[in-house]
Amino acid sequence: MSPGRRFYVCLLRLLPADFRASRGSELLATFDDMRSELGPRPGALRLGGFYVRLTIDLLRRIRPERARAARRYWEGPASPADPSPRLRGLGPSHAFDRLRRDIRVAVRSLARRPVFLLVATLSLAIGIGANTAIFSVVNAVFIRQYPYRAPQDLVRIYTHVPNRSVYGTTSYPNYRDISDFDAAFQAVGAYKTIFSRMELQDETLRVVGEGVSHTLLPMLGVEAALGRTFLAEEDDTPGAHLVMMLGHGFWQRVFGEDREIVGTTIRLGGQSFTVVGVTPEGFHGLSGPGVSADFFVPLVMHGVITGFTNHSHFENRLDRRYYVVGRIAEGMALESVRARLDVLSRQIQEANPQINQDWSFPVLSMQDVALAPEIDRAVLPFVVLLMTAGGLVLLLACTNLASFLLARGVDRRREIALRLALGAGRGALVRQLLTETVLLALLGGASGLLVAQATLGLLIRVQPSLPVPITLELGLDRTVLLFTFGLSTLAGLLFGMAPALQSTNPDVVPTLKDELGLARHRRFGLRNALVAFQMALSVVLLVGGGLFIRSLGAARYADLGFSTRDAGIAWVDLSISGVPAAEYPAVREELTLRARALPGIEAATSASHIPLDIVFTASGRFYTIDGVDPPGQGAGHNVQRAEVDPAFFQAMGIPLAMGRGFTDEDRPESPRVAVVNETAARRFWPAESPVGREFSPVGSDQVIRVVGVAGDTRIERLREPPKPLFYFPLAQRPDPDIILVARGQPAPEEITAMLRRMIRETDPSLTIMDAKTMEEHVGVILFPARMAALLLGVFGGLALTLATIGLYGVVSFSVSQRTQEMGIRLSLGADSGAVRSMVIRSAMGLAGIGGVAGLAAALGLAQLIRHLLYGVGPWDPMTILGVPLLLGGVAAAAALIPARRASRVNPVEALRYE
Amino acid sequence: MAFKKHWYHILLALAEGPAHGAEIRRRVRRHTRGSLELYPAMLYGSLEDLLERGWVREVDEKSGRPLGGSDRYRYLDLTPAGRETLAAETEEYQEVVRIARDLLAREASP
């Protein structure tokens, strides 16, 4: 049966049984009729409209049909041919009635115990809220995608460079070859993220945008909300057509949805661009979740915006800077696309024997890539970890619920036994109790949404300091709401079932005779087990959180190879700022000198890259080194590089192991020199001192002499194998990116602010891409670890809170059940201290069992997250000793209140209790 | 219960001859040029209403079964009372249409 038909059958159950019995098959047949009139594949909108009207039609008929059914039931047959439903055994009520009655009873029963209602709802709200928050993030990063046309046929095409990157960017000539290779694709498009500045009437904005090939948006099925997308001729000659589209969000935010914007010109990157269109709402470009493109220009224009006059990268197969997306040919499998691209890559290699050796074009379905394959792989373990932790918190909340329900079941045994004895069916009672639980869970889910909102607000604030503003839309969209609704219902059903079955056990006689005896003890055992289990779960979460917090602490003090203290950083992009290339050295010089002259500054330096900066990945170049064969059959060694000024090594706190650093004597006209890091020295010149050795860039006859060896630093990540790195003098190789680092007495935040001011005063048109303290800079790579530590810490705390509530509940319940026993003990001469310690001992016993089991589990599970930790082993003694202490303290506190109550029992009243 | 507009259309559809529910739906759509679409619950609920009022009756298979019918459907036909109701309602519509024409004509020629 099709899902639509099944849905209609379910809907029909809302109608009275009488009507369904006599007309049901005709209703269904008419449904079939109407459905087939829509055609085999109607559009989603038409189909949706059909089902909505169908549902409304049916809902509107419920009341009149129920009235008719009731009338016939009581008034008897309308005609001899139509016997009364009463005679056919069809009652006046039906599923709809029963549901309404169950809900009414459940609401009344819940309202009678407000404390229970509050605590249970709160527990569930925490559990469901935590999961909703995590799911919102997962949804925003990994699930939600702009509704592209036929997204299953869209693929991302990468360039695989041996020893460099598996899923790398692609060069322009290779992109053209792929798009001309029409056997495999319907269309191919490329894009590149661009930073620029936009001059408006009263302000200059730093903007992020994308250069997109004219094929890209039509291929994705992204149509202009206003105006048009780009034409083929606009994407042909760099600088020939100055046209742009505005991103929808930017258009709303900055231009107030001005519909007259199309046709006007806007100053972008120092040139006047004509606006030809606005992208549709919800389309943020392809740069990744959280990055929203403010503008789009034809792909060939990206150099024009950033001020390049040299467009040689359009011919250079080594210059990989584009992301390529394709729509595979109709009916073609991904595997055969891959095979064809292998053929293409071999053809390119044969045509260009010196370069592109062993390169290939791996393909991934666009739906499988969230950020970038490598980043996805790094982030996914954290996501799995967080979802697991969230799941555990929910499990805890649900066991709390189950435990409360068991306790209530004991309370309600008389009521239920009476109803069973009076002939209520067990099924009906279970249904009734489950309705109550599900209602409770839904209430918890609704409050959980509030918890999630608050948590997300918190999450948005802990942003890493990046040059691009990350604006994840962490809203609670339909997917998230559906998730929460499903989760709540499932939790209610799953954890309500056992207590419902237990308390409706049809063995009614002992209860009615008030012989609670054995049965109670067994159930009480179950509750104890639940509490111990909760304790164990919270130990697992606390150990996890503890390990991450410790690991974060270790990472913060890790030796990165350079000094991370007392320094501020500012990144200026001269090409965006419209500075001509010839003036780069002069501007850089001036900025560095002025930074050095700031009050309290002891050292200042400028460099094209500094360790751990996010654009370092793209800095690799190929070099030939005498006597060392490149890996594979490649043309050269791919080594990352940084251009730095003479003050760099001293100012960054990177020691020189051998030879010299750069000096002011290393001028453009003097011999080319380089400083290599220790790993490069070991790898390329293992037997001798590298100082005085020479190497050359691939495809150039330039000879570069090594003059010194500098200490290793982390280059891209905290956790990476040592990698070779070449430093070159900035004077010999000007770079449009200038990263100023200043170190000195003032607080790092103050240094950063001074740098900002100084740059503004030097030249207001200089574009500051980013300015932050060195610690914030390092914090970017610590971001996932910090997120994990924060969330697991919070979850651990929540778990402990939930478990404490559970423990408190069990202990105080047991005290109230044992009031009589306490009274007897007290009247026989036990002193109140002994009673108190007895209660606490039993609570600590439970906590102890749970704690030991949890610790054992945590020690095992910690092995699984070993590779996510930094600087601490999975069996970190601080954590392993600290968590049980915390648990013990909290458990004792939870037991104290009921224990005091127990010790104050008035023996006379207690004995009169019966 | 007051007389409903779609009752009129159902009665009108049956004036063409006996029919089952699905056929009635198709006839109503044809008569109203697609502007009235009877969804299943409304259709069969209304038929039930009309049966109760005695304006419609179930007909014997032999007496009035149109060709191409199916066993899943019950056949219905107008009763004399139903035919009378249809005629009376039509009279009323005619009256309304006459008034409307008069008013429109007056406006067209001031």
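All figures in this text were calculated on a predicted structure; none of them were measured in a lab. (Residues numbered from 1 in each chain as written. Chains lettered and ligands numbered in written order. Predicted model: local features only at pLDDT ≥ 70, side-chain atom pairs only at ≥ 80, totals over all residues.)

### Observations regarding the overall build of chain A
Selection criterion: Secondary structure is summarised from DSSP: a helix means a run of H or I of at least four residues, a strand means a run of E of at least two, and numbering begins at the N terminus for each. Residues are called buried when their C-beta atom has 20 or more other C-beta atoms within 10 Å, exposed when it has 12 or fewer, and partly exposed otherwise; all C-beta atoms are positioned from the backbone.
On a plain count of helices and strands, chain A comes out with 25 helices and 24 strands. Scored against the burial criterion, the 914 residues of chain A give a buried share of 42%.

### With respect to the overall build of chain B
Short version of the rule: Contact definition: two residues whose C-beta atoms, as placed from backbone geometry, lie within 7 Å.
A tally of regular secondary structure across chain B gives five helices and two strands. In sequence order, chain B lays out its α and β elements as α-α-α-β-α-β-α. Long-range contacts, defined as pairs at least 24 residues apart, comprise 54% of the intrachain contacts of chain B with a sequence gap of at least 6.

### Side note on the pairing of strand β8 (residues 243–246) of chain A
Residues and elements named next belong to chain A. This is how it is decided: When DSSP finds two or more bridges between a pair of strands, those strands are recorded as paired.
Here β8 shows two buried faces, one formed by V243 and M245 and the other by M244 and L246. Pairing geometry for β8 and strand β10 (residues 271–278), over four bridges, is parallel. By the bridge assignment, M244 is partnered in β10 with V275. Note that β8 and strand β11 (residues 295–298) share two bridges and pair antiparallel. Bridging from a neighbouring strand, L246 pairs with F295 of β11.

### A look at the packing of helix α2 (residues 17–37) of chain A against helix α3 (residues 40–53) of chain B
Going by this rule: To get an axis, fit a line to the C-alpha atoms, keeping to the stretch in contact for a helix; angles then go from 0 to 180 degrees between the N-to-C directions. For classification, angles of less than 35 degrees are called roughly parallel, those exceeding 145 degrees roughly antiparallel, those between 65 and 115 degrees roughly perpendicular, and all remaining angles oblique. By convention the crossing between two helices is left-handed if the near helix lies anticlockwise of the far one by an angle smaller than a right angle, and right-handed if it lies clockwise. Charged residues are taken to be Asp, Glu, Lys and Arg, nonpolar residues to be Ala, Val, Leu, Ile, Met, Phe, Trp, Tyr, Cys and Pro, and polar residues to be all remaining types, Gly included.
Two elements in contact, α2 of chain A and α3 of chain B, have axes whose closest approach is 9 Å; the angle formed by their N-to-C orientations is 140 degrees. In this view, α2 of chain A runs oblique relative to α3 of chain B, as classed from their interaxial angle. For α2 of chain A against α3 of chain B, the interelement crossing comes out right-handed. Together, R23, E26, L27, T30 and F31 of chain A of α2 of chain A and P40, A41, L43 and Y44 of chain B of α3 of chain B make up the contact between the two elements. Tallied by class, the residues present in the contact of α2 of chain A with α3 of chain B amount to six nonpolar, one polar and two charged.

### Re the nonpolar core
Residues and elements named next belong to chain A. This is how it is decided: What we call a nonpolar core is a set of buried Ala, Val, Leu, Ile, Met, Phe, Trp, Tyr and Cys residues whose membership is set by joining through C-beta atoms within 7 Å.
Counting 157 residues, the largest nonpolar core has V393, A674, L740, V741, A799, L807 and A843 as its most contacted members. Sort the elements by how many residues they give to this core and helix α21 (residues 774–817) lands first, with 21 residues. Residues within four places of V741 in sequence aside, it is in contact with A567, I569, A604, T605, I610, A651 and M652.

### Observations concerning the environment of V810 of chain A
Residues and elements named next belong to chain A. Note on placement: V810 falls in helix α21. In this structure V810 comes out as buried when scored by C-beta crowding, with 27 C-beta atoms within 10 Å. Spatially, the C-alpha atom of V810 lies 7.2 Å from that of R527, the residues being 283 residues apart in sequence. In this structure, V810 is in contact with S403, R527, N528 and V531, ignoring residues within four places of it in sequence.

### Looking at the interface of chain B and chain A
Size of an interface, as often reported, equals the accessible area lost when the parts are brought together. With 15 residues of chain B in contact, the opposing surface of chain A contributes 17 residues. Per element, the largest residue contribution to the side of chain B that touches chain A is eight residues, and it comes from α3 of chain B.

### Describing α2 of chain A
Residue and element names in this part refer to chain A. Inclusion rule: Here a helix's expected span is defined as the number of its residues, less one, multiplied by 1.5 Å. A residue's bend is simply the angle between two axes: one fitted to the seven residues ending at it, one to the seven starting at it.
In this model α2 runs 28 Å from its N-terminal to its C-terminal C-alpha over 21 residues, within 8% of the 30 Å that 1.5 Å per residue would give. The sharpest bend along α2 comes to roughly 65 degrees, located at R23. Taken residue by residue, α2 has D18, F19, R20, R23, L27, T30 and F31 as its buried positions. Just downstream of α2, G39 is the residue with a positive phi angle, here 95 degrees.

### Topic: the confidence of the model for chain B
Residue and element names in this part refer to chain B. Quick reminder of the rule: pLDDT runs from 0 to 100 and stands for how confident the predictor is about each residue.
Counting all residues, the mean pLDDT for chain B is 83, and 83% of those residues have values of 70 or more. The least confident element of chain B is helix α4 (residues 61–64), whose mean pLDDT is 54; the most confident is helix α1 (residues 5–15), at 91. Segment residues 65–71: pLDDT under 50, and five contacts once partners within four positions in sequence are set aside and those in other chains are kept.

### Observations regarding the packing of α21 of chain A against helix α23 (residues 832–862) of chain A
All names here are of chain A. At a minimum axis distance of 11 Å, the contact between α21 and α23 shows a crossing angle of 140 degrees. Where α21 crosses over α23, the two elements pack in a sense that is right-handed. Facing α21, whose interface residues are L807, V811 and V815, α23 presents V839, A843, L846 and A847. For the contact of α21 with α23, a count of residues per class yields seven nonpolar, no polar and no charged.

### Some words on the environment of E909 of chain A
Its location among the elements puts E909 of chain A in helix α25 (residues 907–911). Accessibility expressed as a C-beta count within 10 Å gives 10 for E909 of chain A, which makes it exposed.

### Some words on unusual backbone geometry
Positive phi, close to 55 degrees, is recorded for E257 of chain A, a residue that is not glycine. Note that E257 of chain A resides in the loop between α8 (248–255) and β9 (265–268). Classification of E257 of chain A by C-beta neighbours within 10 Å gives exposed; the count is 11. Look at R33 of chain B: it is not a glycine, yet its phi comes out positive at around 50 degrees. Of note, R33 of chain B is situated in the loop between α2 (21–31) and α3. The class of R33 of chain B is exposed, set by 7 C-beta atoms lying within 10 Å.

### Considering the pairing of strand β6 (residues 204–212) of chain A
Residues and elements named next belong to chain A. Sheet analysis places strand β5 (residues 185–199) next to β6, joined by nine bridges and oriented antiparallel. In the sheet register, Y191 faces β6, and the bridge partner there is V212. In sequence, β5 turns back onto β6 through a hairpin of four residues.

### Examining α23 of chain A
Compared with an ideal rise of 1.5 Å per residue, which puts 31 residues at 45 Å, α23 of chain A spans 43 Å between its outermost C-alpha atoms and is within 8% of the ideal. Where α23 of chain A is concerned, the buried positions are V835, V839, I840, A843, L846, A847, G850, G851, G854, A858 and A862 of chain A.

### What to know about the confidence of the model for chain A
Residue and element names in this part refer to chain A. Chain-level statistics for chain A give a pLDDT mean of 82 and a share of 91% at 70 or above. Mean pLDDT across the elements of chain A bottoms out in helix α15 (residues 509–512) (59) and peaks in β8 (94). In the predicted structure, residues 84–90 sits below a pLDDT of 50 and forms 13 contacts with residues beyond four places in sequence or in another chain.

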